[in-house]
Amino acid sequence: MSSITVEKTAEDLASRSLRVTVPVDRVEEAEARALKYYAKRARLPGFRQGKAPEAVVRRRFGDAIRQTVLEEVVREGWEEAKTAESLEPVAEPSIRNLKFEAGSPIEFDLLVEVRPSLKLARTGGFTLTRQVRPVTDEAVEEQLQALREQKATWLPVVGVRPTAGQMVRVEVTSLELDGEVPPEPQSHEVVLGEQQAVPALEELIMSLEPGQTTEGVVSIPAGPSADPTAPATEPPSRRVRVSLQEVKRKELPPVDDALAREVGEFDSLDALKETIRTDLGSDAVREADSSLREQLLAELASANDVPAPESLVHRVMHAYAHAYGIPEEQHHAFESQFHGIAESTVRRDLILGAVVEQEQLAATEADVDAKVAEMASARGVETGQLYASLQKANRLPELERALTEEKAFAWLLAQSTVNEVSA
C-alpha cells in the first residue's frame, strides 16, 4: 500500500500548515470498506438485506459512502501528519483546500495550532522603576463629588427653557414618512449636554419651555463604518416634531456627615474621607504594580525578541470580537483597531508561559488550597463551602492561572533591580 505524504508548507511559533496527499490505492481501499459496510446493512426493495448489487448500493448511498471515505482518509492523514512532524496540537486541525476527484489522490491542507515552545535567553538584570501615585486632597474631593452626583435628586423647573445639565422629558415624532400617517410620538428622558441626543435635537429642545412644541430637521450621525477607507458621506436628515413635557434640575446634597451616613456605614464625613483616601491608595499601589509588570514584560520581549505569531494573534482577536459581540461584517475594522493589543497579549502569555515552564512555577494543588482557605477566612465562610462553590462555577482553573502568574512575576522581579520613585 502506498504511503500518505505530508509536506510542511508554512510554520510559526504556534502553528503549522501541512499539505497531505492520500494516494489512490488507499482511497480505493477506504471506498471498498465503506461500500461493504453499507451493502451489508442496506435494506433495499427487492433485495434481501446484504444482497443488493454494489451498483445499486452505490446509487442509493453514494453521498454517505463519499462522506465516510473522506472522514477515514482525513483521519488517517491527520494521524500520519502528527507522527511525521512530531506535533503537539492544542486543538483539532482546520481542514482546507480539499480535493476529492474520482480516480485521483485526495489532497487537503491542515492548519494545526501547536503548543508554543519559547526559550528565554535573558530573564533578569533589568533596571525597573516603580512609582506609586500619591493620593491628593483634590483626588479625595473628586470622589466625594462623584458620590454627590450618585445621591443627587431631580427637582422640577417651570417657566424657563432648559439648559445643559438639566433633565428633560420630551415626545419626538418623525414627520418624514412618504405620506403615511405619523406614528405615535416616542417619549424620551434625556440629560442635556451629555451626548444622550444628537446636537440638533438638543438645540430644538433648548428652544422650548415646558408645554411647548416645535418642528425642525435633525441630522442622524452614521454608526462606525465596517470599512475605514470608505468615503465620508453626508449624514441622513429627518424632520421631527418635538414636545417638551418636563424639565428638572439636579440638586446635589451637601458634603456633610449626613452624606457620609447615606453612602455607607460611616459615622462622619471625616470617616468617609479616610476610607476614600485608603481606597485611592490601594488603587495607586495596584496601578504601580501593573505598570511595573508591563515595564518588565516590555524589557523581556525586547531582550529576547519575542514574536507574536499571527495564528495566536488571530485567536485572541476572535476571542475579543466574540466577547464584545462584534458583528461579523465589522470584524475587519475591529481587528485593525485592536491588533496591537492582541499582539501584546500574545507576547505576554508566551513570556509568562516560558518562565513558568523553565522554572517550574506552575501553581500546585497546595497553592490553590491555601488561597481558597485565605479567601474563605476573609469572607467568613467555610473553606469547603467556598471550594465547592468555585468548583461548581468552574472558577478553580482561573484561580490556578492567577496564582501561577503571581509566582512567575515574583520570580522575574527578583531577578532585576526595582527602584522605588517618589512622585
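Structural notes, computed from the coordinates.

Some thoughts on unusual backbone geometry
Then, number 1: Positive phi is not limited to glycine here, since Ser-86 has a value of about 50 degrees.
Then, number 2: One can find Ser-86 in the loop between α2 (54-85) and β3 (94-99).
Then, number 3: A relative accessible area of 61% means that Ser-86 is categorised as exposed.
Then, number 4: Even without glycine at this site, Gln-195 takes up a positive phi of about 60 degrees.
Then, number 5: When you line up the elements, Gln-195 lands in the loop between β8 (186-191) and α4 (199-205).
Then, number 6: Overall, the relative accessible area of 77% leaves Gln-195 in the exposed class.

Some words on the pairing of strand β7 (residues 167-174)
Then, number 1: With 6 of 8 residues buried, β7 is to be regarded as a mostly interior element.
Then, number 2: Note: β7 against β8, 6 bridges, orientation antiparallel. Bridge assignment links Val-170 to a residue of β8, and that residue is His-188.
Then, number 3: Direction of pairing for β7 relative to strand β10 (residues 237-251): antiparallel, over a ladder of 8 bridges.

Describing the nonpolar core
Then, number 1: Ranked by internal contacts, the top residues of the largest apolar core, which has 30 residues, are Leu-120, Leu-296, Val-306, Val-346 and Ile-351.
Then, number 2: Elements represented by at least two residues in this core include exactly α6 (269-304), α7 (310-324), α8 (331-359) and α11 (396-414).
Then, number 3: Of the residues forming this core, the biggest block, 9 residues, is contributed by α8.
Then, number 4: Beyond its immediate stretch of four places on either side in the chain, Val-346 contacts Ala-308, Pro-309, Leu-312, Val-313 and Val-316.
Then, number 5: Among the nonpolar cores identified, the runner-up in size contains 28 residues, and Val-57, Ile-65, Leu-70 and Leu-110 belong to it.

Some words on the packing of helix α3 (residues 137-150) against α6
Then, number 1: As a packed pair, α3 and α6 sit with axes 10 Å apart at the nearest point and diverge in direction by 115 degrees. When the axes of α3 and α6 are compared, the pair comes out roughly perpendicular. Handedness of the crossing formed by α3 with α6: right-handed. Within the contact between the two elements, α3 uses Asp-137, Ala-139, Val-140, Glu-141, Gln-143, Leu-144 and Leu-147 and α6 uses Leu-269, Leu-272, Lys-273, Ile-276, Arg-277 and Leu-280.
Then, number 2: Across the contact of α3 with α6, the residue classes break down as 8 nonpolar, 1 polar and 4 charged.

Some details on the pattern of salt bridges
Then, number 1: Scanning the entire structure with this criterion turns up 28 salt bridges.
Then, number 2: Here Glu-76 and Arg-26 are joined by a salt bridge, their closest N and O atoms 3.7 Å apart. Here the residue Glu-76 occupies a position in helix α2, and Arg-26 occupies one in helix α1 (residues 24-41), the gap between them amounting to 50 residues.
Then, number 3: For Glu-76, a relative accessible area of 26% gives the class partly exposed.
Then, number 4: The closest approach of N and O atoms between Glu-246 and Arg-169, which form a salt bridge, is 3.4 Å. In this pair, Glu-246 sits in strand β10 while Arg-169 sits in strand β7, placing the two residues 77 residues apart along the sequence.

Overview of the sheet that holds strand β1 (residues 5-12)
Then, number 1: If you trace the 4 strands from one edge of the open sheet to the other, you get β1-β2-β4-β3, paired in antiparallel fashion. Looking at the sheet topology across the chains shown, the edges are occupied by β1 and β3. The average undirected angle you get between the axes of adjacent strands in this sheet is 15 degrees.
Then, number 2: Strand direction decides the pairing type here: β3 and strand β4 (residues 106-113), joined by 4 bridges, are antiparallel. Counted as the bridge partner of Ile-95 is Leu-110 from β4.
Then, number 3: On the sheet, α2 packs against β1, β2 (15-22), β3 and β4 and is oriented at approximately 55 degrees with respect to β4.

What counts, and where the lines are drawn
- Residues numbered from 1 in each chain as written.
- Predicted model: local features only at pLDDT ≥ 70, side-chain atom pairs only at ≥ 80, totals over all residues.
- Heavy atoms only, no water.
- Helix = DSSP H or I, 4+ residues; strand = E, 2+ residues; numbered from the N terminus.
- Buried < 20%, exposed > 50% of the residue type's maximum accessible area, 1.4 Å probe, protein only.
- Pairing = 2+ DSSP bridges.
- Core = buried A, V, L, I, M, F, W, Y, C linked by side-chain atoms within 4.5 Å.
- Contact = heavy atoms within 4.5 Å.
- Axes fitted to C-alpha atoms, helices over the stretch in contact; angles between N-to-C directions.
- Parallel < 35°, antiparallel > 145°, perpendicular 65-115°, else oblique.
- Left-handed = near helix turned anticlockwise from the far one by under 90°.
- Nonpolar A, V, L, I, M, F, W, Y, C, P; charged D, E, K, R; others polar.
- Salt bridge = Lys/Arg side-chain N within 4 Å of Asp/Glu carboxyl O.

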